[in-house]
Structures are given as structure tokens and as C-alpha cells.
Amino acid sequence: MPNFRMQAFQELILISHVNLAQKTAAGLVDKDSAAGAFQLLEALRDGRFTFAIEPWHDATHKNGVQHYPAELLLRARLPDGTPIKPLTPITTLSRAGLQSTFDQAIILAGIDQALRLRQMPVSINTSARNMASASFWQDVSSMLCTYFPRHDIQNSLTFEVTEDDLADNPCRTVLLEMKERLGCSFAIDDFYHDRQIHLQQNDGVDSTDWQRLENLRGIIDFVKIDGETIEAAIQKKFDLDPLLKRIKEIVPDAHIITERVNDEHEAHYLGSVHGVDAVQGLHLTEDRTEFQRRLFGAINNFPPKPDNI
């Protein structure tokens, strides 16, 4: 990381660390919870981290050949090399109101790696509470313009968001400016996360997420369906089509992305049967060309034959 980016990154981590220490000393953050967050911040400070990538693989080519982004996944380690599971520490930081500086640090480091390793375009998750903060996105926009040449990031960044309050919020204006000036894209993450609740209530595909989608109309480029919902659909325990139809009625130009896809057979099923645009999954290859080769094979082996035949 160049010195000028490294200095900015270290300052953001230091601010997060100092503020967490102050809130913990004041009894506003539980000491046990804070311990894990401190471990994560110190791993970032000391350079004991990297970002794994999970590409969004084109599932159909129905929109022409697309170069979807690869999601950056934070991987941090303790001094002895033990992996740190980031979800709980990040949740602690978010609940303590410290997500803004932390997220800015992650965005800065993630883009730096993606440029160095030629991994662009990329998608980056942001903490839920940041979505409604115009000042956060103003800071991010300023940071992008300050620390990266525009031609390096133009049309190459997607931000994944999980929560919003945009109906009457100045944040909307900032996001639209980022789209126009830098070509940034936005993805609504974990859509239909409350499927089980509405399944029990037998009320179709109702969800609190529909208001999120309405508020993000004109901003959202991608809708990422909740992973458990996709698993249920693949197992034929949930009909995905009514959900996708309603999404397209609100954001007809948005691309549908599905997570927790295990192989090319599931990818082909989701793309050909349900019209999903792209797939992502821990067990999928990172090589886009290899994935397309496997997907072509799956097309000629659908439904997939058992492995022992």
C-alpha cells in the first residue's frame, strides 16, 4: 500500500481503536465483546489481513457477456495465525456507532489490494447503519477521489448495503452523485432475509424488504437474494419466481444475484429456470473462464446425472 494510503488507513484504524477504548471504559460497550473488536482492529493495524474474493459469475449471458464484480471478503488473523471470524467484532463496532471510520478503512484497503492484484471490478460490504448517513457517503466519495486516480476506479466499484432510510434523506443525493461522477454501483444485500417469518404467517412473499427496495429505486443496480432463500429454492422448498417477479416490477433493470451457490449445476438451474443473472458461492472457482466452461458442461447435463453413473 503506498505511504499516503497507508497513513490514511492507519489513522482510521487508530480513531476506531481510541473510540472503542473510550466507550468500553465508559461502560457503553461490554468488555468481552470489545475484546474481539480490539483483536480485529489490531490485526488490521499490524497488517495481519487480506481480502479473499468471491466473483459474481455470469449465469446466463442473457444480457450479453457481463463482467460482474468479485466480492471482497475480509480475512484477518491473530498473531499466532489463528483466523479471526469478523462478523461478531464488526457487529460490536457497528452497535457502538464506530462503523463509519472502520468501513472507510476497509474500503481503502480493499480497493488498494484489488488494484495491486488486478482484481477489479469489486464489491464491498458496508455496515448496515451507514446506509442512512449522508456524511458517511460524502466521506467515502471524498476518500475515493483523494486516494485513487479516477480512471483506476471508474465504473469498477459496487457497494453492498443491508439497511436504508432513504425515503426523505439527503443520503440519496450523495449516492446518485457517486453513480454519476464515479460510476459506482449499489447492491441491496440479503434481500428477503425474513422469509421464515412470512412463511410461518403464510402471507406469500411479503417482507419488510419491499420498502427498502422502493426507497432504493433509481439507485440499486443489483439485488442479492438472501442465501437461505436460495438454498430453499434449490431444494424445491420455496418458489423463487413470485419473489423475482415482484422485484422486477419495482426495479426492472436491476440484475438478480444469488449467493450460496455450490456448483455449476445449481448455477445453470437458477439461470435457466428462474432467470437469475449471476451467482456467487464459497465453493465456486475464482477463474471466470473456467466457471463458464463448467457452466457450458452443465447445460449439456441438465438435470445433472448422479456422480456414480
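Residues numbered from 1 in each chain as written. Predicted model: local features only at pLDDT ≥ 70, side-chain atom pairs only at ≥ 80, totals over all residues. Heavy atoms only, no water.

1. Some thoughts on the layout of surface pockets
Of the voids in this model, the second largest pocket is the one considered here, and its volume is about 180 Å³. Around the second largest pocket, the lining is made up of 13 residues, and of these His67, Asn155, Thr158, Ser185 and Phe222 lie nearest the centre. (1 Å grid on protein atoms, 1.4 Å probe; cavity = no way out; pocket = protein on both sides within 12 Å on 5 of 7 lines; lining within 4 Å. Points joined across faces, edges and corners; volume = space filled by probe spheres on them.)

2. Concerning the pairing of strand E5 (residues 122-125)
Pairing analysis gives 2 bridges linking strand E3 (residues 70-77) to E5, with the strands arranged parallel. Directly across from glutamate 71, in E5, lies its bridge partner serine 123. Here E5 pairs with strand E6 (residues 157-161) via 4 bridges, running parallel. Bridge pairing in E6 links asparagine 125 to glutamate 160. (Pairing = 2+ DSSP bridges. Helix = DSSP H or I, 4+ residues; strand = E, 2+ residues; numbered from the N terminus.)

3. Remarks on the packing of aromatic side chains
Working definition: an aromatic ring pair is given by the centre-to-centre distance plus the angle between the planes. Scanning the entire structure with this criterion turns up 9 aromatic pairs. Here the aromatic rings of phenylalanine 4 and tyrosine 147 are separated by 6.0 Å at their centres, their planes lie at 20°, and the arrangement is stacked. On the criterion of sequence distance, the pair formed by phenylalanine 4 in helix H1 (residues 3-25) and tyrosine 147 in helix H5 (residues 134-147) is long-range, its members being 143 residues apart. Using a relative accessible area of 43% as the deciding quantity, one classes phenylalanine 4 as partly exposed. Centre to centre, the rings of phenylalanine 49 and phenylalanine 51 are 5.9 Å apart; their planes meet at 85°, and the pair counts as edge-to-face. Across the pair, phenylalanine 51 and phenylalanine 49 agree in class, each one buried. Among the aromatic residues, those joined into a cluster by ring pairs are Phe136, Trp137, Phe159 and Phe186. (Phe/Tyr/Trp six-rings, centres within 6.5 Å; stacked < 30°, edge-to-face > 60°. Buried < 20%, exposed > 50% of the residue type's maximum accessible area, 1.4 Å probe, protein only.)

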